[in-house]
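# Breakdown of the fold
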Amino acid sequence: MTVTLHFHGAAGTVTGSCYRVEHPGGQFLVDCGLFQGNRSVRALNLKPTPFDPKAIDFLLLTHAHIDHVGLLPKLYAEGWRGPAWMTEPTSGLLEYMLPDSAGIQESEAERAGRRGDEPVKPLYGMADAEEALRHRQTCAYEQWIEPAPGVRARYWNAGHIIGSASIEVEVMDGDKPVRLMFSGDIGPDEKVFYGNPEGAAGFDYILCESTYGGRERDDYTLLQRREALRVEINTALARGGNLVIPTFAVERSQELLHDIGFLIKSGAINPQLVFLDSPLASKVTGVYRKYARMFEDVELGADELFNDPRFRIIESVADSQAINAIRGGAIIMSASGMCDAGRIKHHLRANLIRRDATVLFVGYQAPGTLGHVILTGAKQARIHGRLVPIRATIRALGNYSAHADHSELMAWIKARLPAHGAIFLTHGEDEERMALRDALMATGIAADQLVLPQLDDYFELTAIGIAGKAQPATRRIDPHQVHTDWHNEFSDFTIRLSQQLQALGDEEKLAMMQALQQQLSALGAPSSPGHRRTPITPVETQSLDE
Ligand SMILES: [Zn+2]
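What this report covers is the structure whose coordinates are included nearby. Predicted, not measured: the structure shown is a model, and the values here were computed from it. (Residues numbered from 1 in each chain as written. Predicted model: local features only at pLDDT ≥ 70, side-chain atom pairs only at ≥ 80, totals over all residues. Heavy atoms only, no water.)

## Some points on the pattern of salt bridges
Counted according to the given criterion, the structure contains 23 salt bridges. Several salt bridges converge on common partners, so that one network encompasses Arg-152, Arg-154, Glu-168, Glu-170 and Arg-179. (Salt bridge = Lys/Arg side-chain N within 4 Å of Asp/Glu carboxyl O.)

Put into structure tokens, the structure is as follows:
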């Protein structure tokens, strides 16, 4: 009997992290994440779980991001009742993130049900999320735990988000341990709340994420980042309007709030009010306050953290809507970070039309999202069914990141060496993990020791090396579909077409549509039945004008 390592997610994609380890005494999982991205990738969530959940003894969780934990409630929905181990802050975050994810699953199913005739069952519901929460087990950093006979594990700070960990695991194979290191997601150096990522050295197998393989960020220190934020805030407020910042509820909101608090305290900026408007971000901010004692940045204690008198952390809908009446001097942070859902939409609707307002992006905007439309220079955007002209100044800051870049990933791996058996590169698209593999080969690591597993591949491991490999074809996904599938292209195309048409006068619009119809007919598409010159109603923007 050997130890077998299965890759059930984040193998050729950056989401759906899930590793399964079979050993002589049983089996366990490391992470159980939701697949996120385009429809082809998301479809993997609905496929049957590729193992029997009831055979799993326990789960080790690296951190609370949904692409690492979002399929946990599905396991409980399928009848699993085992314990899930995690750090205390991760447990604190899950209390809000799993019910939030269940709410999204339920409303997506309801919407899909309305579109078709059949009721659609959600991937999981609130009761499954609550069941998952009942089975949380917490552990401290750098302390060995023994979750089952023959297995011990130790959590190390990964510096990615609050509570995030790399997990070191020892699995007994006969009288010899096989030693593995699961990186989880690794944070950058110079993060506000945490020290640099840590871990032991010397393993049989290292599994490392490769999200930013081959890509270097500008080398921003904490001081430089705050300086860039200071300039953006002061320039925006000098225009006289509000500054709207779309932000992710976990980590980015708290980092910004902390940096803004720091800048106010030092007299560098002078906003009238600072809003964090998101029920989830508000709850998550409470978790950060609770575990403030764990932070490296000790200049503020728990009582002072996020506690400036100008801060308003908003939960109620009425309070959120009341912000729309404020014409200038306020910083408004709200989720979602890519503007495709949540309260940020009504703040954009109120502020995009104002010439003195500014929208500042501080995170990646995926193609097809409202954030991407605004960031790429559209003259108008559709929000809540209405076309909103964009007159505000649009800005972006690229120096906030929760992920290590190429050099930082290389540094993390080098500090964990040697790896006697192999290094598995996961949690990255193929281009990124190949860049990381090439860089590792250039340091003298043999090519056959660097493995890029595909979805559901599994490997028989011994302490001295890989004894066997199998590639079941159960849930193959075409690598080029991971990055973009026709749905992305379609949404991009329709957005560009709509922008093109909106920019034209009524007569020109009709002429262009007729020309396009002729081309479609030439390609064999049926002509539209109402091919008449009906007058087109002008777009409804008047009521939104100031
Ligand atoms: Zn993460």
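Moving on from the coordinates now.
## Things to note about the packing of aromatic side chains
Within this structure, the stated rule accounts for 14 aromatic pairs. Each ring, one from Phe-193 and one from Phe-306, has its centre 6.4 Å from the other, and the planes form 85°; the classification is edge-to-face. Within this pair, whereas Phe-193 is found in the loop between β10 (176-182) and β11 (203-209), its partner Phe-306 is found in the loop between α8 (279-290) and β14 (311-314), the two being separated by 113 residues in sequence. Both residues of the pair, Phe-193 and Phe-306, belong to the buried class. An aromatic cluster is present here, built from Phe-7, Tyr-19, Phe-182, Tyr-205, Phe-424 and Phe-459 joined pairwise through their rings. (Phe/Tyr/Trp six-rings, centres within 6.5 Å; stacked < 30°, edge-to-face > 60°. Helix = DSSP H or I, 4+ residues; strand = E, 2+ residues; numbered from the N terminus. Buried < 20%, exposed > 50% of the residue type's maximum accessible area, 1.4 Å probe, protein only.)

## Concerning the environment of Ala-109
Here Ala-109 is to be found in helix α4 (residues 88-115). Placed 12 residues apart in sequence, Ala-109 and Lys-121 show a C-alpha to C-alpha distance of 6.1 Å. Residues contacting Ala-109, with those up to four places away along its chain left out, are Val-120, Lys-121 and Pro-122. (Contact = heavy atoms within 4.5 Å.)

## Focus on the nonpolar core
Here is a general trend for soluble globular proteins: nonpolar side chains tend to be buried in one another's company. Formed by 67 residues in total, the largest nonpolar core has its most connected members in Leu-59, Leu-72, Leu-93, Leu-229, Ile-260, Tyr-288 and Met-333. Apart from residues no more than four positions distant in its own chain, Leu-93 is found in contact with Ala-64, Ile-161, Ile-162, Val-250, Val-284, Val-287 and Tyr-288. If you look at the next biggest cluster of nonpolar residues, it comprises 31 residues, including Leu-60, Tyr-155, Ala-165 and Leu-461. (Core = buried A, V, L, I, M, F, W, Y, C linked by side-chain atoms within 4.5 Å.)

## Some points on the sheet that holds β14
With respect to topology, 6 strands assemble into an open sheet ordered β14-β13-β15-β12-β16-β19, the strand pairing being parallel. The two strands at the open ends of the sheet, each matched to only one other strand, are β14 and β19 (393-396). The mean inter-strand angle of the sheet, taken between neighbouring strand axes irrespective of direction, is 20°. The strands that helix α6 (residues 222-238) touches are β12 (243-246), β15 (330-334), β16 (358-361) and β19; relative to β16, the one it contacts most, it runs at about 165°. Each of β12, β13 (273-277), β15 and β16 is contacted by helix α10 (residues 344-351), which is oriented at about 150° to β12, the strand it contacts most. (Pairing = 2+ DSSP bridges. Axes fitted to C-alpha atoms, helices over the stretch in contact; angles between N-to-C directions.)

## Topic: the pairing of strand β5 (residues 84-87)
Neither face of β5 is exposed, since Ala-84 and Met-86 on one face and Trp-85 and Thr-87 on the opposite face are all buried. Pairing of β5 with strand β6 (residues 136-139) involves 4 bridges; the strand directions are parallel. In the strand pairing of β6, Ala-84 is matched with Arg-136.

## Considering the coordination of the zinc ion
For the zinc ion, the full set of protein donor atoms is His-63 (NE2), His-65 (ND1), His-160 (NE2) and Asp-185 (OD), at a range of 2.2 to 2.3 Å. Taken in sequence order, the residues that donate to the zinc ion follow the motif H-x1-H-x94-H-x24-D. One end of the pair, His-160, is in the loop between β8 (151-157) and β9 (165-173); the other, Asp-185, is in the loop between β10 and β11, and 25 residues separate them in sequence. Assessed through its relative accessible area of 0%, His-160 is described here as buried. (Donors = N, O, S within 2.8 Å, 3.2 Å for Na, K, Ca; no water.)

## Quick look at the sheet that holds strand β22 (residues 458-462)
If you walk across this open sheet you meet the 8 strands as β6-β5-β4-β3-β2-β1-β22-β23, and the pairing is mixed. Of all the strands in the sheet, just β6 and β23 (465-470) have a single pairing partner and so form its edges. Across the sheet, the axes of successive neighbouring strands diverge by a mean angle of 25°, strand direction being ignored. Running over the sheet, α4 touches β5 and β6 and is turned about 110° from β5.

## A few points about the layout of surface pockets
If you add up the space inside the second largest pocket, you get close to 240 Å³. Taken together, 15 residues line the second largest pocket, and the ones lying closest to its centre are Arg-217, Asp-218, Asp-219, Tyr-220 and Glu-408. By residue class, the composition of the lining of the second largest pocket is 3 nonpolar, 3 polar and 9 charged. (1 Å grid on protein atoms, 1.4 Å probe; cavity = no way out; pocket = protein on both sides within 12 Å on 5 of 7 lines; lining within 4 Å. Points joined across faces, edges and corners; volume = space filled by probe spheres on them. Nonpolar A, V, L, I, M, F, W, Y, C, P; charged D, E, K, R; others polar.)

## Here we look at a positive patch on the surface
On the surface, Arg-39, Arg-42, Arg-111 and Arg-115 cluster together to form a positively charged patch. When residues of the positive patch are traced back to their parent elements, those giving at least two are α1 (39-42) and α4. Within the secondary structure layout, Arg-111 lies in helix α4. (Patch = residues over 30% accessible without salt bridge, like charges linked within 9 Å, V, L, I, M, F, W, Y side chains within 5 Å. Areas by Shrake-Rupley, 256 points an atom, 1.4 Å probe, with all protein chains shown as cover. Lys, Arg positive; Asp, Glu negative; His and termini not counted. Charge placed at Lys NZ, Arg CZ, Asp CG, Glu CD.)

## Looking at the pairing of strand β17 (residues 380-383)
As paired elements, β17 and strand β18 (residues 386-389) share 4 bridges and run antiparallel to each other. Counted as the bridge partner of Ile-383 is Arg-386 from β18. The hairpin formed by β17 and β18 contains 2 residues between the paired strands, and His-384 there has a positive phi angle of roughly 50°.

## What to know about empty space enclosed by the protein
Counting across every chain of the model gives 3 cavities of 30 Å³ or more. As a volume, the second largest cavity reaches approximately 60 Å³. Considering the residues around the second largest cavity, the lining is formed by Ser-17, Tyr-19, His-68, Phe-182, Ser-183, Gly-184, Asp-185, Leu-207, Cys-208, Glu-209, Thr-426 and His-427. Broken down by element, the residue count for the lining of the second largest cavity peaks at 3 residues, all from β11. Each residue belonging to the lining of the second largest cavity can be placed in one class, and the counts come to 4 nonpolar, 6 polar and 2 charged.

## Quick notes on helix α12 (residues 406-416)
Residues His-406, Glu-408, Leu-409, Met-410, Trp-412, Ile-413 and Arg-416 constitute the buried set of α12. For α12, the elements touching its buried residues are β9, β10, β11, β20 (419-426) and α13 (430-442).

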